[in-house]
Amino acid sequence: MRRTLNVVRLQLINRQTFIWVPLIILGSAVLISVLIYAMIPVDTPKYGGGGQAPLWYFFAIGLSAMTLTFPFSQAMSITRREFFLGTIITAILGSAFLGVIFLIGGGIETLTNGYGVNGYVFYLPWLWEAGPLGAFTVYFTLALFLFVLGFTGATIYKSWGPMVLTIVSVGLALVLLGLVFLATRLELWGQVGIAIMDLGALGLALWGLVAVAVLAGVSFLAFRRAKP
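The shown structure was predicted, so the numbers you read here are calculated from the model rather than taken from an experiment.

Engineer: Explain the overall build of the chain to me, please; I cannot follow it from the model alone.
Structural biologist: In terms of helices and strands, the chain carries 10 helices and two strands. Each helix and strand of the chain, placed in order from N terminus to C terminus, yields the pattern α-α-β-α-α-α-α-β-α-α-α-α. The C-alpha extent of the chain, read off along each of the three principal axes, is 60 × 50 × 30 Å. Put simply, the chain has 228 residues, and 39% of those count as buried. Considering only residue pairs separated by 6 or more positions, the chain has 80% of its internal contacts joining residues 24 or more positions apart. Total accessible area computed for the chain in this model is approximately 12600 Å², and 75% of it derives from carbon and sulfur atoms. The averaged location of the 6 negative side-chain charges in the chain is 28 Å from the averaged location of its 12 positive side-chain charges.

Pasting the structure below:
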């Protein structure tokens, strides 16, 4: 466990990656969103998706955690298992940190009536319908999912090269396209919409954690063949 925690320290040596850069991206997205809200001449609540910007950045962090830090860790005689577990723990901590920041942002928006312009970046009603804990789970899951997705892609690349990664990516795209085709051909979009509304944002987030576990399992299996 001590060596695993050393991996966490290794990933956090450059705090800009997990702390300052996400905060800068988020702060910039909020500022731009508020300026746009202020220019919209309506009194009704205004909602935007600018808050998702740092979540996508976690995809890039997942890539760099594998491609940049893994080779360095092998020079320090850290085992693959220790590196994998330490990196996942770091991702969990970073995702939790971002989730807390989103909760604080939602609280500020409710107290200030949307920064005085009735505009909201964090407090999106559908995401907050299960309360603060539900909203935290949604934000935490999104950040962790994107990190693990990037990490898994980088692991496949390091294990089998760009050709296999391309084949896997195209295969997944075809599977998704096939599901869309079936839903359209069988006229199932109404049922899909009802199912999504019944699950709510929290239900989808919990299923997202299942997807995170599956991706982590795939990544761990591929990680044994990864080349530094």
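Now, onward.
Engineer: Whenever I open this one, helix α5 (residues 80-111) confuses me. Can you help?
Structural biologist: An α-helical turn contains 3.6 residues, so a residue and the one three or four places further along point in the same direction. For α5, which comprises 32 residues, the first-to-last C-alpha distance of 47 Å matches the rise-based estimate of 46 Å (1.5 Å per residue) to within 8%. Once α5 ends, the next one or two residues include Asn 113, with phi positive near 55°.

Engineer: Can you help me understand the packing of helix α8 (residues 131-160) against helix α10 (residues 189-223) in this one?
Structural biologist: Working note: a packed helix pair is described by the angle between its axes plus the distance between those axes. For the pair α8 and α10, the least separation of the axes is 8 Å and the interaxial angle reads 20°. Overall, the two elements α8 and α10 adopt an arrangement that is roughly parallel. Relative to α10, the crossing made by α8 is left-handed. For the contact of α8 with α10, a count of residues per class yields 20 nonpolar, eight polar and no charged.

Engineer: Is there a simple way to think about unusual backbone geometry in this case?
Structural biologist: Glycine aside, residues mostly have negative phi, and peptide bonds are mostly found in the trans state. Positive phi, normally seen in glycine, also occurs at Tyr 115, with a value near 60°. Mapped onto the secondary structure, Tyr 115 falls in helix α6 (residues 114-118). The class of Tyr 115 is partly exposed, set by a relative accessible area of 26%.

Definitions and limits used
- Residues numbered from 1 in each chain as written.
- Predicted model: local features only at pLDDT ≥ 70, side-chain atom pairs only at ≥ 80, totals over all residues.
- Heavy atoms only, no water.
- Helix = DSSP H or I, 4+ residues; strand = E, 2+ residues; numbered from the N terminus.
- Buried < 20%, exposed > 50% of the residue type's maximum accessible area, 1.4 Å probe, protein only.
- Contact = heavy atoms within 4.5 Å.
- Areas by Shrake-Rupley, 256 points an atom, 1.4 Å probe, with all protein chains shown as cover.
- Lys, Arg positive; Asp, Glu negative; His and termini not counted.
- Charge placed at Lys NZ, Arg CZ, Asp CG, Glu CD.
- Expected span 1.5 Å × (residues − 1).
- Axes fitted to C-alpha atoms, helices over the stretch in contact; angles between N-to-C directions.
- Parallel < 35°, antiparallel > 145°, perpendicular 65-115°, else oblique.
- Left-handed = near helix turned anticlockwise from the far one by under 90°.
- Nonpolar A, V, L, I, M, F, W, Y, C, P; charged D, E, K, R; others polar.

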